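Listed here are the chains, written in short residue letters.
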Amino acid sequence: MRVTNKMIMNNASSNINTTKEFVNKRNTQMTSQKKIDRPSDDPVIAVRSLRLSTTLAQVTQYHEKNIPDASQWISVTETALINMRDIGNDCKQIAVAAATGSKNTQDDRKTMLKQLQELQKQLFAEGNADYANRTVFTGYRTNCNLTFTEDELNTAYEITQTIAIEGNMEDHRYYDGNVEVPTTEGELLAPSLDTTDPNYKNISDMVQTNYYRLRLNYDKVGDLTKDINIKINDATFNADDYNVITYESEAKWSEAQGGKNVPEKTMILIKETGDFILSNDAAEVLKKGDAQLTFTYERKGFTEGELRPEYYYNCVKTADPLDVHVPVTYTKYNEAGERIHFDIEYTIATSQTVAINTEAADVFDSSIYRDVTEMIDACQRAISAFDKVKTLEDMASESQYASDEDQEWIKIWKDAAQKEFDFYNDNMQKLFNTEIGKIDAYYGKMNLAIADLGCKKDSLDLTKTRVGDQQQTVQSLQSLNDDIDLSKIIIDYTAAYTAYQASLTAAGKLGESTLLNYI
């Protein structure tokens, strides 16, 4: 076969180009330190690299974003609950002091009142705790506060609340009569006048009555918008046999019934206090039948710090000057009476999720607020009653009331005021003693929620460690699959470059030869 110079030159040129491509490939690998530059270089490595990159991105998302975010959310929730628990504990200490201190002074009572008022303001402020401007106790409605942050006197709801007799019906003391301290000698002597005299004034005699009650979670309620639905296990109970009477206030109740009395087969709703008071026979029947009562009532006007009803009950917002979408219906319980949960779940690992939020309805409700309100009211009544006694004692020492008749009537007035104080002071001690047990129950519920959050944090820490190890493993596998050994590629590049230079030299010498060299 005849080989011409042109054939030699063509072959040399082709081989040089191949060597150059090999040098370029090794140069690219050396600068990028990657085995391949495009999928076609090695499809197996390319596919494996894509899979490992996807896995690494997921693991990194879990380890560096999802888990820390979930952990911080839980920490904020835990801190808020601990603060609320501490506030409850402070209320308990006050209750213990009032319940066990039979010789509490007026200054003691005033101090208790001031402390309770401040604690009540703080109580649900923690319920608006947020993480990155997302409230933590409101389910997935994280753009809304749990409580009213200002007075909303024109906002109205229709609220449906179900109360079980078991655990909620309680014996409650009601007091009738109010001593109005005289300020002039004429008022002091008014009870001595003939009853037909227009200036006659009766000295009120304090009377205590005890009835079982259910307490709505809001006071100052409006009318019942539906009949009370009573579910009872005893088939002999007929709701039509019982009268339900609504009064605006306890004073109206007393006026209508000739005292704070509940006739047989009667149930009374006091709109001012939200108390649903049962006659003795009604309480007995409902208790025996383990009844559940469902109330649907109106509530218009909310003050700062009160809980929003939509997080606890089926309700309809019927009026709100700041909401153009009213009426708005909120559903918290389905038709079977089962609560609908609004969980926020984070994916913290492959096929592993965790509900990071704690709903307020799982931990606390308005009953805590109502309890503190009753403690404040009881303390305030005892303070006011003692002030009446002190005022009458001061009157007895004034010269204008020095006559025997004035002194005798001051004593009569003082005995009535003392009786009122004894009733209210006794009520305060008994109420505070009862509240100790209630606060312990709230305390236990919060402790359980805090413990649950602690378990979630421990689980997150374990998962974070495992996912961190997984991240390192995937990174190692990806590096092994994608990255090239730098020392090896340097050797390969040097060999390729040397071969390229040699081929150029050889081709150059070939170009210097002609036919004359052979003649």
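Nothing here was measured: the structure is a model prediction, and the numbers come from that model.

Enquirer: Looking at this structure, I do not really get the packing of helix α2 (residues 43-100) against helix α3 (residues 106-123). What am I missing?
Expert: When two helices pack together, their arrangement is given by the angle between their axes and by how far apart the axes lie. Contact pair α2 / α3: the axes reach a minimum separation of 10 Å and the direction vectors enclose 160 degrees. Here α2 is positioned roughly antiparallel relative to α3, judged by the angle of their axes. As for the relative orientation of α2 and α3, their crossing is left-handed in sense. Within the contact between the two elements, α2 uses M84, I87, D90, C91, I94, A97 and A98 and α3 uses M112, Q115, L116, L119, Q122 and L123.

Enquirer: I tried to follow unusual backbone geometry on my own but got confused; where do I start?
Expert: Glycine aside, a negative phi is what most residues show, and trans is what most peptide bonds show. Here the residue pair V326 and P327 is connected by a cis peptide bond, since its omega of 0 degrees sits within 30 degrees of zero. In this fold, P327 is placed in the loop between β11 (314-319) and β12 (328-330). Even without being glycine, N133 reaches a positive phi, approximately 65 degrees. Mapping N133 onto the fold places it in the loop between β1 (130-131) and β2 (134-135). Residue classification places N133 among the exposed positions, given a relative accessible area of 70%. The residue K265 is not glycine, and still its phi comes out positive at about 55 degrees. Mapping K265 onto the fold places it in the loop between α5 (250-257) and β8 (266-270). Residue classification places K265 among the partly exposed positions, given a relative accessible area of 38%.

Enquirer: Would you mind going over the side chain of R109 with me for this structure?
Expert: By the element assignment, R109 lies in helix α3. For the buried R109, no salt bridge exists, and the shortest N-O distance to an oppositely charged side chain is 7.0 Å, to D108. Reaching out from R109, the side chain makes a polar contact with the backbone oxygen of N104 at a distance of 2.9 Å.

Enquirer: How should the packing of aromatic side chains be read in this particular structure?
Expert: A ring pair, where both rings are aromatic, is described by two values, the distance of the centres and the angle of the planes. Counted by the stated rule, this structure contains 16 aromatic pairs. The interplanar angle of 85 degrees and the centroid separation of 5.5 Å between the aromatic rings of Y157 and F302 together place this pair among those described as edge-to-face. On the criterion of sequence distance, the pair formed by Y157 in strand β3 (residues 152-164) and F302 in strand β10 (residues 292-302) is long-range, its members being 145 residues apart. Given the relative accessible area of 1%, Y157 is considered buried. The class for F302 is buried, based on a relative accessible area of 0%. One residue, R299, lies across the ring of F302, its end atom 4.8 Å from the ring centre.

Enquirer: Is there a simple way to think about the nonpolar core in this case?
Expert: One broad rule of soluble globular proteins: the nonpolar side chains tend to lie buried together. F276, L278, L286, L293, F364 and F432 are the most contacted members of the largest nonpolar core, which totals 108 residues. Here this core gets 19 residues from one element, more than from any other, and that element is helix α8 (residues 404-482). Listed in part, the eight residues of the second largest apolar core include Y211, Y247, V262 and I277.

Enquirer: Got a minute to help me understand α3 in this structure?
Expert: Note that an α-helix has 3.6 residues per turn; residues three or four places apart therefore point the same way. Between its terminal C-alpha atoms α3 stretches 25 Å, which fits the 26 Å expected from 18 residues at 1.5 Å a residue. Q106, R109, M112, L113, L116, L119, Q120 and L123 are the residues of α3 that are buried. Taken down its axis, α3 places every buried residue within 150 degrees of arc, on the same side. Relative to its buried face, α3 has exposed residues pointing more than 90 degrees away, namely D107 and K121.

Enquirer: I keep staring at the pairing of β10 and nothing clicks. Help me out?
Expert: On a regular strand, each side chain points to the face opposite its neighbour's, so the side chains alternate between the two faces of the sheet. Within β10, eight of the eleven residues are buried, which leaves the element mostly enclosed by the surrounding structure. Two strands pair when backbone bridges link them, and β3 and β10 are joined in this way by ten bridges, in the antiparallel orientation. Following the sheet pairing, Y157 is matched in β10 by R299.

Enquirer: Can you walk me through the packing of α3 against helix α7 (residues 366-396) in this structure?
Expert: With their axes 9 Å apart at the nearest point, α3 and α7 run at an angle of 155 degrees to one another. Regarding the angle of α3 to α7, the classification is roughly antiparallel. Relative to α7, the crossing made by α3 is left-handed. On α7, the residues that touch Q106, R109, K110, M112, L113, L116, Q117, Q120 and L123 of α3 are I368, Y369, V372, T373, M375, I376, C379, Q380, A382, I383, F386 and D387. Of the residues in the contact of α3 with α7, the class split is 13 nonpolar, five polar and three charged.

Enquirer: Just checking my understanding: could you explain the pattern of salt bridges for this structure?
Expert: Side chains carrying opposite charge are able to pair once their charged atoms draw close together. A full pass over the atoms with the stated rule returns 34 salt bridges. When the shortest N-O distance is used, the salt bridge between K271 and D223 registers 2.7 Å. You can see K271 sitting in the loop between β8 and β9 (275-278) and its partner D223 sitting in the loop between β5 (207-215) and β6 (229-231), a full 48 residues away along the chain. The buried category is assigned to K271, whose relative accessible area is 7%. Measuring nitrogen to oxygen at the nearest pair gives 3.9 Å for the salt bridge that ties E435 to K438. Of this pair, E435 and K438 both sit in helix α8, three residues apart, which is roughly one turn of that helix. The pair formed by E435 and K438 is uniform in burial state, with each residue classed as buried. Through salt bridges that share partners, E170, R213, R215, D275, D371, E374, E435 and K438 make up one connected network.

Rules used in this analysis
Residues numbered from 1 in each chain as written. Predicted model: local features only at pLDDT ≥ 70, side-chain atom pairs only at ≥ 80, totals over all residues. Heavy atoms only, no water. Axes fitted to C-alpha atoms, helices over the stretch in contact; angles between N-to-C directions. Helix = DSSP H or I, 4+ residues; strand = E, 2+ residues; numbered from the N terminus. Parallel < 35°, antiparallel > 145°, perpendicular 65-115°, else oblique. Left-handed = near helix turned anticlockwise from the far one by under 90°. Contact = heavy atoms within 4.5 Å. Buried < 20%, exposed > 50% of the residue type's maximum accessible area, 1.4 Å probe, protein only. Lys, Arg positive; Asp, Glu negative; His and termini not counted. Salt bridge = Lys/Arg side-chain N within 4 Å of Asp/Glu carboxyl O. Polar contact = N/O pair within 3.5 Å; in protein donor to acceptor, adjacent residues only side chain to side chain. Phe/Tyr/Trp six-rings, centres within 6.5 Å; stacked < 30°, edge-to-face > 60°. Lys NZ or Arg CZ within 6 Å of the ring centre and 35° of its normal. Core = buried A, V, L, I, M, F, W, Y, C linked by side-chain atoms within 4.5 Å. Expected span 1.5 Å × (residues − 1). Arc of directions from axis to C-beta. Pairing = 2+ DSSP bridges. Nonpolar A, V, L, I, M, F, W, Y, C, P; charged D, E, K, R; others polar.

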